[in-house]
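Structural features, examined
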Amino acid sequence: MFDLNELEHAHDIVRQAVPATPAHAWPLLSQRLGTQVVVKHENHTPTGAFKVRGGLTYVHHLKREQPATRGLISATRGNHGQSIAFAGRRHGLPVTIYVPRGNSIEKNRAMIAFGGDLVEHGDDFQEAREEAYRRAERDGLHMVPAFHPNVVLGVATYALELFRAAPDLDILYVPIGQGSGICGCIMARDLLGLKTEIVGVQSTEAPSYALSFAARAVVNTNSSNTLADGMATRAPDADALALIVNGASRIVQVTDDEIALAIRALWTDAHNLAEGAGAAPLAAALQEKTKLSGKRVGLVLSGGNIDFDLFKRWVVA
């Protein structure tokens, strides 16, 4: 997909807008898991999530390769849309974002604030995405996919930062939405020649990648009803799945209740707010706690963009 030199160059591009995010070892989290823990804080980016890195590299390459592009369009549950709106504004391109009805209020407001033209359509991400593709074809807009080599290239820059700060990680837990995050981690690990075991995390209510990983073939689901909207995927990307099958050891499924407990733990132990997908790696590590003794564990806190009402329900309750 790309080599180490290309990844280093992508990091230079990303750093113009996104300073390196911290990787902290929190003592209370280590006590909770009974082993050493390092958290990669992608909730500290300018959009509050890791996706901004992929948006920046994708639009950078698009402007060079297709300078006549007149506008961008995409579909999202929030973080991908924020990344495209953020990058589009930096490059002077109008951005249209499709979201499902009932999408996160705060994420919708953020996408608009970053310059996106928001359109609500359908009952879930898949329906919004299908309509966005139809609109792109009709209006001659460039459809930005959630998974693409140039998106993964940008996303992999957080893994590059993490592995250079903590090259001795034994295991890294990564949430899976459309797959760019875990694929970026696999690519960075392999390019750096490390042996870190990479474990994907999905919701029990949106297990399309977990089912596909087990079947070694794309398995779509009929629903994705998790409150962890960053993992609410019904249709896996075949290219992402191929990389995950070859590079990840397994995929752990966690419940929304386990995610809620993990959000509270990150709030109390690390003084950081995580959205559902961002807390899912800790939920998975807690589920596998007995296997982790003596291991150095990495957790990707992929984002902190949680709705206030859900925050009150999951954290304050």
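Quick look at the structure, then. (Residues numbered from 1 in each chain as written. Predicted model: local features only at pLDDT ≥ 70, side-chain atom pairs only at ≥ 80, totals over all residues. Heavy atoms only, no water.)

1. With respect to unusual backbone geometry
With a phi angle near 60°, Arg216 is a residue other than glycine that sits in the positive phi range. Relative to the assigned elements, Arg216 resides in the loop between α9 (208-215) and α10 (238-247). Phi angles above zero are rare outside glycine, and His271 is one such case at about 55°. Looking at the element boundaries, His271 is found in the loop between α11 (256-269) and α12 (276-287). Using a relative accessible area of 57% as the deciding quantity, one classes His271 as exposed. (Helix = DSSP H or I, 4+ residues; strand = E, 2+ residues; numbered from the N terminus. Buried < 20%, exposed > 50% of the residue type's maximum accessible area, 1.4 Å probe, protein only.)

2. Things to note about the pairing of strand β10 (residues 296-301)
With 6 of its 6 residues buried, β10 lies for the most part within the structure. Where strand β7 (residues 171-175) and β10 come together, 3 bridges link them in parallel fashion. Across the sheet, residue Ile171 finds its bridge partner in β10, namely Val297. (Pairing = 2+ DSSP bridges.)

3. Concerning the state of the cysteines
Per the stated rule, a full pass over the model turns up 0 disulfides. Summary of cysteine pairing: Cys183 is not part of a disulfide, and the nearest cysteine sulfur, belonging to Cys185, is at 9.3 Å. (Disulfide = S-S within 2.5 Å.)

4. Examining the sheet that holds strand β6 (residues 142-143)
Taken in spatial order, the 4 strands of this open sheet run β5-β4-β3-β6, and their pairing is parallel. Only two strands of the sheet have a single partner each, and these edge strands are β5 (116-120) and β6. Note: strand β4 (residues 95-99) against β5, 5 bridges, orientation parallel. For Val95, the partnering residue across the bridge sits in β5 and is Gly116.

5. Comments concerning the side chain of Thr157
For Thr157, the position within the fold is in helix α7 (residues 149-165). Its relative accessible area of 0% is what places Thr157 among the buried residues. Setting aside its immediate chain neighbours within four residues, Thr157 contacts Leu7, Ala10, His11, Val14 and Arg53. (Contact = heavy atoms within 4.5 Å.)

Honestly, that's just the spatial picture; any functional story needs more than this.
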